Amino acid sequence: MNTGGSDPIRLLFTSSIFYNVVASNNAPSQPHLPQISHRHKRSEKIDHISTCLRLLITILSLLPLKDAARCSVLSRRWRSLWPATPLIHLDDASLNLEEPKSSRKRKSARGSSSSSSSRDEESWCRQAFFDIIAAHQAPVKSCRVSRFDHPIFYPTVDLMIRNLMNKGLQFLALSFSSVYSNSKFGYKLPNFLLSYANLKQLDLYFCQIPDLSYSSVFPNLVVVSMRFVNLNDKFMACLLSSCLNLEFMKLHHCTGLQTIKISSPKLRIFILNDNFRAFSCTKELIIQEAPNLEHLMLGENTTKATNVTVSNAPKLQKLGFICLSLTEFRIGEAWFRIDDLSNLLGSTIMGRVKSIAIKMNFNDEKHKSIFLSLLEFFPCLESLSIMHRG
């Protein structure tokens, strides 16, 4: 277990303070720890490392997946440690077949097909990842799935998610191919996942949301990021009303949304960047009640095609991008179009904003004039970002 030239176990034992902390009751208890006999002959040297099970399990949980599994071959006493080790993060992209360079050279000399070898490796990695999730006894805190992007693997993904839920999963990232994303063959989240209460962070890439009647979804979610996901208004309304602990939401090039109404007590950061196609852009964004919202970031396509209304966001400090060709923007009691800034006078929300980001055309004299006038409505401005668009 040489990591960076230093043995982690030796380094840990050099500090008696660390040993006392890790060996204390703060370490998580596991139900299936192997039993080790403490009877030794007088002439036999005692293996102090192998007798400190909870310390070893803590060390293994901090190692990369492959390194932790390899430790099982160090000793017969270590064989049962791996199944009892909680996994902090499990990622199928970290699994790769490792062949000696001499073996790869022999295959290349024989003219073996590289594409066939690659398919075999992918198949092995998928099977190994599935087996790890099915057989592992200890909790799994975080998992990322990215190799199962063909429709024939979708039932396997559902089964893995169900197994992970039984192991106390808190963070889930699902990434699929864009080939099937906008068709009936795209991956849809299973219904049983939507009501899973332990999930705190969700990252979706090229997925679809089932069109159902929702009562409550992801009730304890804190962070959600969706990229190229096919959504619908019913799901979004239920998500925002169910996730009372939601602090961060990012929607990047998602489709299917017409209106987003936000009433969230803890939401601090909201990012909306619509698809470049005008017909798939969100028509209206309404921030009704967001007492802790600090950062509101809108993409260029959003500011062009979406009517934005901010009714109550008293802590709003970062605002962007303000595209100088946007349609309509309402902030608190004031609303404006870029060609008429008179209604911004006296806006209490703009008076608190400390950072803004603006997109403008430096070659357009009208944009220059609007830009200079717009800055007058941000008296507390501390940071300014400008992006040129031709």
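Keep in mind the model is a prediction, meaning the values are calculated, not measured. (Residues numbered from 1 in each chain as written. Predicted model: local features only at pLDDT ≥ 70, side-chain atom pairs only at ≥ 80, totals over all residues. Heavy atoms only, no water.)

Side note on the overall build of the protein chain
No. 1: Along the backbone of the protein chain there are 12 helices and 16 strands.
No. 2: By residue count, 43% of the 390 residues in the protein chain fall in the buried class.
No. 3: Put simply, of all contacts in the protein chain between residues at least 6 apart along the chain, 59% involve residues at least 24 apart.
No. 4: Total accessible area on the protein chain is roughly 20500 Å²; 51% of this is exposed by carbon and sulfur atoms. (Helix = DSSP H or I, 4+ residues; strand = E, 2+ residues; numbered from the N terminus. Buried < 20%, exposed > 50% of the residue type's maximum accessible area, 1.4 Å probe, protein only. Contact = heavy atoms within 4.5 Å. Areas by Shrake-Rupley, 256 points an atom, 1.4 Å probe, with all protein chains shown as cover.)

Looking at the side chain of Asn232
No. 1: In this fold, Asn232 is placed in the loop between β5 (223-227) and α10 (233-242).
No. 2: Asn232 sits in the buried class, given a relative accessible area of 13%.
No. 3: Within the structure, the side chain of Asn232 is placed 3.3 Å from the backbone nitrogen of Lys234, a separation counted as a polar contact.
No. 4: Contacts of Asn232, omitting those with residues within four sequence positions, involve Ile209, Pro210, Asp211, Tyr214, Gly256 and Leu257. (Polar contact = N/O pair within 3.5 Å; in protein donor to acceptor, adjacent residues only side chain to side chain.)

Here we look at the sheet that holds strand β15 (residues 355-360)
No. 1: Across the sheet, which stays open at both edges, the 11 strands sit in the order β1-β2-β3-β4-β5-β6-β8-β10-β12-β15-β16 with parallel pairing between neighbours. The open sheet terminates on both sides in strands that have one partner only, identified here as β1 (90-91) and β16 (383-388).
No. 2: Contacts from α10 reach β5 and β6 (248-252), with the element oriented near 165° to β6. (Pairing = 2+ DSSP bridges. Axes fitted to C-alpha atoms, helices over the stretch in contact; angles between N-to-C directions.)

So, a nonpolar patch on the surface
No. 1: A contiguous nonpolar surface patch, about 230 Å² in accessible area, is contributed by Phe362, Leu384 and Ile386.
No. 2: Locating Phe362 in the fold gives a position in the loop between β15 and α12 (365-375).
No. 3: What makes Phe362 partly exposed here is its relative accessible area of 37%. (Patch = residues over 30% accessible without salt bridge, like charges linked within 9 Å, V, L, I, M, F, W, Y side chains within 5 Å. Salt bridge = Lys/Arg side-chain N within 4 Å of Asp/Glu carboxyl O.)

So, the packing of aromatic side chains
No. 1: Throughout the structure, instances matching the rule amount to eight aromatic pairs.
No. 2: Consider the rings of Tyr154 and Phe176, whose centres lie 5.6 Å apart with planes at 90°: the pair is edge-to-face. On the criterion of sequence distance, the pair formed by Tyr154 in helix α8 (residues 154-166) and Phe176 in the loop between β3 (171-175) and α9 (191-194) is long-range, its members being 22 residues apart.
No. 3: The buried category is assigned to Tyr154, whose relative accessible area is 10%.
No. 4: Between Tyr154 and Tyr187, the ring centres sit 5.2 Å apart and the planes meet at 70°, which makes this aromatic pair edge-to-face. Pair noted here: Tyr154 is in helix α8 and Tyr187 is in the loop between β3 and α9, with a separation of 33 residues, a long-range link. Tyr187 matches Tyr154 in its accessibility class, with the two residues each being buried.
No. 5: Three or more aromatic residues link up through ring pairs in this structure, and these residues are Phe129, Phe148 and Phe153.
No. 6: Its guanidinium or amino end placed over the ring of Phe192, Arg162 lies 3.9 Å from that ring's centre, counting from NZ or CZ. (Phe/Tyr/Trp six-rings, centres within 6.5 Å; stacked < 30°, edge-to-face > 60°. Lys NZ or Arg CZ within 6 Å of the ring centre and 35° of its normal.)

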